[in-house]
Amino acid sequence: MSGTQLAERTDAIKEIVCDILEIEEDEVTQTSLFKEDHKADSLRAIEILAALEKKFNVVIDQAELPRMVNIEGVYQVVAEAAGW
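These notes cover the structure that comes with them. (Residues numbered from 1 in each chain as written. Predicted model: local features only at pLDDT ≥ 70, side-chain atom pairs only at ≥ 80, totals over all residues. Heavy atoms only, no water.)

Some details on the environment of leucine 43
Inspection of the secondary structure puts leucine 43 in helix H3 (residues 42-56). Remark: the alpha-carbon pair of leucine 43 and asparagine 57, spanning 14 residues in sequence, is separated by 21 Å. (Helix = DSSP H or I, 4+ residues; strand = E, 2+ residues; numbered from the N terminus.)

Here it is, written out as structure tokens:
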């Protein structure tokens, strides 16, 4: 995969997360924690999961939610589901 693809996918994930958490993109880093740093709750986590499934046309098991604590974790889960 090219660096451009990685950046585009990461940006798309970040955009979804920021939209649902109602925060600015510059407030989120690859490793900032949604719950601790951005006050996300479990409902928001499920909204993020659903939006990612729709955007990337994948199915993500809710058992993966504990891994989806930051942009890095979300990318890994989506990448596994999408076979990237």
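Examining the packing of aromatic side chains
What the rule picks out here adds up to two aromatic pairs. Measuring from centroid to centroid gives 5.3 Å for phenylalanine 56 and tryptophan 84, while their planes differ by 75°, and the two rings are edge-to-face. Here tryptophan 84 lies in the segment after helix H4 (71-82) and phenylalanine 56 lies in helix H3, a separation of 28 residues in the sequence. The class for tryptophan 84 is partly exposed, based on a relative accessible area of 32%. Look at tyrosine 75 and tryptophan 84: their rings are 5.5 Å apart centre to centre, the planes differ by 40°, and that puts the pair in the tilted class. Sitting above the plane of the tryptophan 84 ring, arginine 9 keeps its charged end 4.1 Å from the centroid. (Phe/Tyr/Trp six-rings, centres within 6.5 Å; stacked < 30°, edge-to-face > 60°. Buried < 20%, exposed > 50% of the residue type's maximum accessible area, 1.4 Å probe, protein only. Lys NZ or Arg CZ within 6 Å of the ring centre and 35° of its normal.)

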